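Coordinates in review
As a plain string of letters, each chain reads:
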Amino acid sequence: MHHFTPGQRWISDTELQMGLGTVLSVEPRTVTLLFLATEEVRTYARQTAPLSRAAFAPGDRVQSHEGWSLEVHSVIERDGLLTYRGRRENGDEAELPEGELDNLMQLNRPADRLFTGQIDPDRWFVLRQRTRDKAAELASSDLHGLTGARTSLIPHQLYIAHEIADRYAPRVLLADEVGLGKTIEAGLILHYQLLSERARRVLIVVPENLQHQWLVEMRRRFNLRFSLFDEGRCRAAEESENGVNPFQTEQLVLCDLSFLAEQPTRFEQALEADWDLLVVDEAHHLQWSPNAVSREYRCIEQLAKRTTGALLLTATPEQLGKEGHFARLRLLDPDRFPDFDRFVAEEQDYEPIAAAVGELLAGTPLSEVAEATLRGTVNEGDNQPLLDALTSGDIGTSGSAREELVEHLLDRHGTGRVLFRNTRAAVKGFPARQLHAIPLPLPEAYAETFSAVQTTGSRETPLLLCPERLYQSEGAATPWTRIDPRVQWLIATLKQLRSEKVVVITATMETAGDLAEALRITAGIQAALFHEGMSLLERDRSAAFFADREYGSPILICSEIGSEGRNLQFAHHLVLFDLPLNPDLLEQRIGRLDRIGQSETIHIHVPYLEETPQSVLFHWYHEGLGAFEHTCPTGHSVFVQVEPALQEALHNVDADTESLPALIAATRQLNERLLDTLHRGRDRLLEYSSCRPQRAEALTRRARTDAAASEAELLNYLEELFDAFGVELEEHSENAFIIRPGAQMQEPFPGLPEDGLTFTCHRATALANEDMEFFTWEHPLVLRGMEMVLSSERGNTAITAVKHPKITPGTLLLEGIYLLESASSRAVQSGRYLPPSRIRVVVDPQRVDHASELSESSLNTNSTAVESETAREIVNAYRQPLRDLLRHSETAARRRIPELLEQAGHRIHQILDREIDRMHALRQVNPNVREEELHYLERQREAAEKAIASAVLRLDAQRVIVAT
Ligand SMILES: Nc1ncnc2c1ncn2[C@@H]1O[C@H](COP(=O)(O)OP(=O)(O)OP(=O)(O)O)[C@@H](O)[C@H]1O
């Protein structure tokens, strides 16, 4: 372990560009350093800190923070701190305590190593360069973080993730229809933000029964290891360290909403824990109305206020009404959504804009109405010239003008930047749903029940829809499962569908439990059970029992909690043992099977008792809304409007035979009207902005091409990497390999278990074999391997013999690899504009740079290894010529700096100026753009320019070339 003393100067091996750090404090297990050049404070575990002591020796030249330099003659150590004595440039004798060293001073380690004979095998040099190149390429790629997860590359998801992930502190509502991949989208955004260090601390809040699924999805798809926080975990953290805030002991935390809502102390701790990103799944649970704000809503509201980024997920944003929807948007941006009435009024204006966008996209000549709408937008600043180009009839310019106008309109109108919603209709390619309606006779015993409760108020509706409930109270004489014909029907149907997986959903856990029991006793069927009365572990076991293809149960019986979030698309049969009153809940239930990955027609079985409220509801859903065979985006709005009449019909089944057909007809009409309005207005705009198909397709094509090229490249790289570190690699099966620690391995390879692991770089293989690791350029083991190469000194000094037609035998050349690095924090992302770009020079004694004719590949293919003993002899024999070559190479490298800085400046302007201009235009019409976001971009531009102006050149590696 290193010995640290406050005031000492150290350098980060993994982030050399941060310059010299100063030890601030030393704790028993940690050490904290301040890197003044980037104004960052970092705390490391002492045992494993990737730090090297910045200690200089006589003969070195050191630089003071005042700008003068000193040639060191002697070094004095006092209480662990060094003071350098020597001569300044002006000839004065001077002393320089290490605390006064220039923060950006670089260590010339490769040269030191060369002259002290620490020369590496040539393959290490080659590996180092390859790694360096790749790291630079990844740092500047907009796809890095979005394509390496174990997911199929699906256009609407990639589009959303790409739109959002790169934003500063994104605050959005992901509201794709059920099962289209909101979790995946959130995972992609998280992954991108974490990889690019835009976010470090993330809190995910989900309903209790989805905790495990989220943990598993984040781990197996994105390699993100979240820690599950419950009371036990919090207590354990407090016991192991007195006074600690448990939520601060981990960076990635997942917990359950009711835990936070019900435990004020824990909630306060979570609130204090300083998150960068908050993710809330099933956000429709956050109930809000002007008169009643739920505890859950209040919790998330406070967390969202304190956290810069927030992703809310819900498939049914309006499940609890438009007000609730507005309230959730308000959580994301209270300034933009201050007032519910204004929000509703704004929606009225979307229709003409949506119509104009539709015409622009269709490519047809503009109607007068659309043209007038577009003319109404010229005050936004930049639409007039586009409109002129469009109406001029010039084919050459009108196409791109159309495209740009669409962009402007979508950017500036509607909820486009805050809300994303993809629908099945837009995404396409989903299998059909087939309804099997099963009317069953009403048993005598139930008939009494109905007449007893029919005339009572709407509070009794659940009893009407689930009459068995009356028989579930203690002391009921007959078990309802013997009376209810749905049970016999279920048994018969399950027997028929013997080889199929069947999901049965029912409203309550009591009914679910009774059903499972009845199946077991009457028919010997062992069903998996899933309800809120079971522990989390029991539920997860049950879900796994059902999912197991070979030994599992073919039947899963869930209470309503099973209708949210779970992935059951491997089943094709769904039994709705009863029907929920809320259309969104019905959609959630069907969504368990109707989700991405469903490969067959979904059979929806609905048994209902004839001439009862059950049959009323069935007909209302089926004939009024068509909700079984299609998703029904308007379901909730229709329900709200017809609820009194529907309740009436449920409570008076046989009062008047005319009223139900009338209700159904009215429902159908209303539904059609609402669908039409939505289609023309709000939803149209939302659809256009949630996924612009051409862009999404182009992005996906690029991602797929990149991924395909990466696969072969990565495999080839990994062979070299593993070979260099002594990791053994062998074939496992087609596209799959095994790696394990080899006999030659000198240090542990991070992430590689003792007994090895199986991996594939092939996406389809990874998707089909979840037990294999999916290695991509984003996988932690690959990234840590690359970091190991770059943070170690290995490969920064080599000697090689080259036979090359362009070099006279006997010539000594020096290949120098320099890095031009800006000392900025990663938040400034100067790397995006000035990727840690290499400057490669190959100088001869006449100071001529041969870099272009002696390319790396031509040198690598023509080189032969030089024995280490011979290498040392060469260095000893040619010390002075080599020192001269080093000087020349640095001069040659410096000549290239202006060009690189210019390119970086250009890149800053290209990316940020455009973005800032766009934001300004947007704010004219769409206050969705937060002031904060705009300022962030402006600050970013300033900081990036500053960082780049202070970029320094550093020798990263050198290779002596002896021509033979
Ligand atoms: N890109 C993808 N690659 C592989 N599987 C995917 C992909 N997208 C979605 N899936 C699978 O499809 C199913 C639905 O995805 P997900 O759970 O993210 O949807 P959701 O919109 O969050 O669903 P819900 O509305 O039910 O919460 C999941 O089983 C998920 O693993």
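Residues numbered from 1 in each chain as written. Predicted model: local features only at pLDDT ≥ 70, side-chain atom pairs only at ≥ 80, totals over all residues.

Let's talk about the overall build of the protein
Rule in force here: Put simply, DSSP marks the helices as runs of H or I at least four residues long and the strands as runs of E at least two long, and each gets a number from the N terminus on. Only the C-alpha atoms count toward the radius of gyration. The rule for a globule is 2.2 Å times the residue count to the power 0.38. Neighbour density around each residue's C-beta defines its exposure: 20 or more other C-beta atoms within 10 Å make it buried, 12 or fewer make it exposed, and counts between make it partly exposed, where C-beta atoms are placed from the backbone. Think of it this way: build a C-beta for each residue from its backbone, and any pair within 7 Å is a contact.
Along the backbone of the protein there are 36 helices and 31 strands. Computed over C-alpha atoms, the radius of gyration of the protein comes to 33 Å, within 12% of the 30 Å expected from 2.2 N^0.38 for 964 residues, which places it in the range of a compact globule. Taken over the C-alpha atoms alone, the protein extends approximately 110 × 70 × 55 Å along its principal axes. Out of the 964 residues belonging to the protein, those deemed buried represent 44%. When contacts within the protein are restricted to residue pairs at least 6 apart in sequence, long-range pairs at least 24 apart make up 72% of them.

Details of the sheet that holds strand β4 (residues 40–45)
Basically, it comes down to this: The pairing criterion is simple: DSSP has to find at least two bridges between the two strands. In this analysis an axis means a line fitted to C-alpha atoms, helices contributing only their contacting stretch, and an angle means the value between N-to-C directions, from 0 to 180 degrees.
What the 5 strands build is an open sheet, ordered β4-β3-β2-β1-β5; its pairing is antiparallel. With partners counted over all chains shown, the strands left at the sheet margins are β4 and β5 (51–53), one partner each. On average, adjacent strands in this sheet sit at an angle of 40 degrees to one another, irrespective of strand direction.

Thoughts on the domain arrangement of the protein
The condition is simple: All domain edges in this entry derive from an automatic or database-based domain assignment. When residues are grouped by polarity, Ala, Val, Leu, Ile, Met, Phe, Trp, Tyr, Cys and Pro land in nonpolar, Asp, Glu, Lys and Arg in charged, and all others, Gly among them, in polar.
Its domain assignment divides the protein into domain 1 (9–107), domain 2 (108–123 + 792–964), domain 3 (150–339), domain 4 (350–412) and domain 5 (434–691). Using C-alpha coordinates to define each centre, domain 3 is positioned 29 Å away from domain 5. In this assembly, 22 residues from domain 3 lie in contact with 21 residues from domain 5. Every element with two or more residues in the side of domain 3 that touches domain 5 is listed here: α3 (155–165) and α5 (211–222). In the side of domain 3 that touches domain 5, the residues fall into 7 nonpolar, 10 polar and 5 charged.

Looking at the UniProt feature "domain: Helicase C-terminal" (unreviewed entry) in the protein
For the record, the criterion: UniProt positions are given in the numbering used here, feature names are shortened, and annotations may be inferred rather than shown by experiment.
Per the UniProt entry, the sites bearing "domain: Helicase C-terminal" (unreviewed entry) are residues 486–646 in this numbering. Here residues 486–646 runs as 45% helix and 14% strand, with 24 Å between its end C-alpha atoms.

With respect to the site of the ligand
Here is the rule we go by: For each residue, a C-beta atom is placed from the backbone, and the residue counts as near a molecule or strand when that atom lies within 6 Å of it.
Neighbouring the ligand are 20 residues, the closest being Gly-181, Lys-182, Thr-183, Asn-567 and Ile-596. At 3 residues, helix α4 (residues 182–195) tops the list of elements feeding residues into the shell around the ligand. Classifying every residue of the shell around the ligand by side-chain character gives 6 nonpolar, 11 polar and 3 charged. Two domains each provide a minimum of three residues to the shell around the ligand, namely domain 3 (150–339) and domain 5 (434–691).

Points about the pairing of strand β28 (residues 812–821)
Every other side chain in a regular strand lies on the same face of the sheet, so the side chains alternate between the two faces. Extensive coverage of β28 is indicated by the burial of 9 of its 10 residues. Bridge count between β28 and strand β29 (residues 838–843): 6 bridges; the pairing is antiparallel. From the neighbouring strand, Tyr-818 faces β29, where its bridge partner is Ile-839.

Quick notes on the environment of Asp-60
Relative to the helices and strands, Asp-60 resides in the loop between β5 and β6 (61–63). For the pair Asp-60 and Leu-33, spaced 27 residues apart in sequence, the C-alpha to C-alpha distance is 24 Å.

Structural notes on the packing of helix α12 (residues 350–362) against helix α13 (residues 368–375)
The criterion, for reference: Here the angle decides the label: under 35 degrees means roughly parallel, over 145 means roughly antiparallel, 65 to 115 means roughly perpendicular, and every other value means oblique. The hand of a helix crossing depends on one turn: near helix anticlockwise from the far one by less than a right angle means left-handed, and clockwise means right-handed.
Put simply, α12 and α13 touch, their axes get as near as 9 Å, and they point 115 degrees apart. Classified by the interaxial angle, the pair formed by α12 and α13 is roughly perpendicular. Note on packing geometry: the crossing formed by α12 with α13 is left-handed. From α12, Pro-352, Ile-353, Ala-355, Ala-356 and Glu-359 reach across to α13, where they touch Ala-370, Thr-373 and Leu-374. Taken together, the residues of the contact of α12 with α13 break down into 6 nonpolar, 1 polar and 1 charged.

A look at the sheet that holds strand β8 (residues 81–88)
Strand order across the open sheet formed by 4 strands is β6-β7-β8-β9, with antiparallel pairing between neighbours. The sheet is open, and its two borders are formed by β6 and β9 (93–97), each paired with just one other strand. In this sheet, adjacent strand axes meet at a mean angle of 50 degrees when their direction is disregarded. Relative to strand β7 (residues 69–78), β6 runs antiparallel, the two sharing 3 bridges. Bridging from a neighbouring strand, Arg-61 pairs with Glu-71 of β7.

What about helix α24 (residues 613–625)?
So the rule is basically this: One fewer than the residue count of a helix, multiplied by 1.5 Å, yields its expected span.
Its 13 residues place the ends of α24 17 Å apart at the C-alpha level, agreeing with the 18 Å of an ideal helix rising 1.5 Å per residue. Where α24 is concerned, the buried positions are Pro-613, Gln-614, Val-616, Leu-617, Phe-618, Trp-620, Tyr-621, Gly-624 and Leu-625. Of the surrounding elements, those touching the buried residues of α24 are β17 (433–440), α18 (461–465), α23 (583–591), β22 (602–609), α25 (635–651) and α26 (659–680). Looking one or two places after α24, you find Gly-626, whose phi comes out positive at around 60 degrees.

Examining unusual backbone geometry
Phi angles above zero are rare outside glycine, and Asp-79 is one such case at about 50 degrees. With respect to the helices and strands, Asp-79 occurs in the loop between β7 and β8. Given 7 C-beta atoms within a 10 Å radius, Asp-79 is considered exposed. Notably, Glu-197 is not glycine yet its phi reads approximately 55 degrees, a positive angle.

Overview of helix α30 (residues 780–791)
For α30, which comprises 12 residues, the first-to-last C-alpha distance of 16 Å matches the rise-based estimate of 16 Å (1.5 Å per residue) to within 8%. Among all positions in α30, only Val-782, Gly-785, Met-786, Met-788, Val-789 and Leu-790 are buried. Looking at the buried positions of α30, the neighbouring elements they touch are α2 (122–139) and α28 (693–725).

Some details on the environment of Gln-669
Here Gln-669 lies in helix α26. Considered as a pair, Gln-669 and Gly-624 are 45 residues apart in the sequence and their alpha carbons are 8.3 Å apart.

A closer look at the packing of α3 against α4
It is at 9 Å that the axes of α3 and α4 come closest, and there the two elements cross at 40 degrees. The handedness of the crossing between α3 and α4 is right-handed. Between α3 and α4, the residues in contact are Gln-157, Ile-160, Ala-161, Ile-164 and Ala-165 and Ile-184, Glu-185, Leu-188, Ile-189, Tyr-192 and Gln-193, respectively. Taken together, the residues that form the contact of α3 with α4 break down as 8 nonpolar, 2 polar and 1 charged.

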